[in-house]
Amino acid sequence: MKLKLIQQGAEAKIFLDSSKNLIIKDRTSKSYRHPNLDNQIRKKRTKSETKLLKKASEVIDCPIPTNTTNIYQIPMPFINGKKLSENFNNFALKEQKEICREIGGSIAKLHKKNIIHGDLTTSNMILVEDKIFFIDFGLGYISSKTENKAVDLHLLKHALEAKHFMRWKILFEEISKSYKKILGKTESEKIFERMTAIEKRGRYRH
């Protein structure tokens, strides 16, 4: 099996197995940690992310992990599409709005299941025809807390402001409307109120 390294992060290396059309996320060993502790952490995080991906795949489009005997790896189908972070600014406003409505609805579906993605940026979204696939749940977890859902949205808002600053307000408004429609008025209002409070805390600290 010939693997091609396509991405290297702080926690893991991402390989492409083109013969099987698979992506393999390999959590790498950390030399600064005790070997036993390192193995435990890598195993736990890999298992947790695998479970989260499978749970998320029940409600949104995302890669579904396949079986493996390696406890530090997550093999999953290669999503052949356009990385949103690299292409989004080239789209017409109408198409951007449609995509944002899809994004907002998907996030609401995750939050309904108490799934927190933890790294909501357009770098972790892939456009395949008219579908948005969410990837990289490495920082994700399960939580029913309003605060955690608000932080998820707060991070996305800032990611849009940084990467797609020309229209970020319009785009986040589309995401918000779709999110509220799926999640419901009462629950979503609590989350957006908390998001505003988080932003005020951030401004106060600076």
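Each residue is numbered by its place in its chain's sequence as written, counting from 1. A pLDDT threshold of at least 70 governs which residues receive local features in this predicted model, and a stricter bar of 80 or more applies before side-chain atom pairs are shown or counted, although totals over entire chains, interfaces and linings include all residues. No hydrogens and no water enter the side-chain calculation; it runs on all heavy atoms of the structure.

*Asks:* How do you make sense of unusual backbone geometry when you look at a structure like this?
*Replies:* Excluding glycine, most residues fall at negative phi; most peptide bonds, likewise, are trans. Backbone geometry places Asn21, a non-glycine residue, at a positive phi of 55°. Helix and strand definitions follow DSSP, with helices as H or I runs of at least four residues and strands as E runs of at least two, each counted in order from the N terminus. As for its placement among the helices and strands, Asn21 is situated in the loop between β2 (12–17) and β3 (22–27). In this model, Glu129 sits at a positive phi of 55°, which is unusual for a non-glycine residue. Tracing the backbone shows Glu129 in the loop between β7 (125–128) and β8 (131–134).

*Asks:* I tried to follow the sheet that holds strand β1 (residues 4–8) on my own but got confused; where do I start?
*Replies:* Strand pairing in a sheet takes place through backbone hydrogen bonds and is either antiparallel or parallel in direction. Strand pairing follows a simple DSSP-based rule, namely that at least 2 bridges must link the two strands. Here four strands make up an open sheet; going across it, the order is β1-β2-β3-β4 and the pairing antiparallel. Pairing within the sheet leaves two strands with one partner each, and these edge strands are β1 and β4 (73–77). Strand after strand, the sheet turns through a mean of 25° between neighbouring axes, direction not considered. Looking at chain direction, β3 and β4 are connected through five bridges and run antiparallel. Within the sheet, the bridge partner assigned to Ile24 lies in β4 and is Pro75. By definition in these notes, contact holds between two residues if any of their heavy atoms fall within 4.5 Å. Comment: axis = line fitted to C-alpha atoms, over the contacting stretch for helices; angle = value between 0 and 180 degrees taken between N-to-C directions. Against the sheet, helix α1 (residues 35–56) contacts β3 and β4, and its axis sits at roughly 25° relative to β4.

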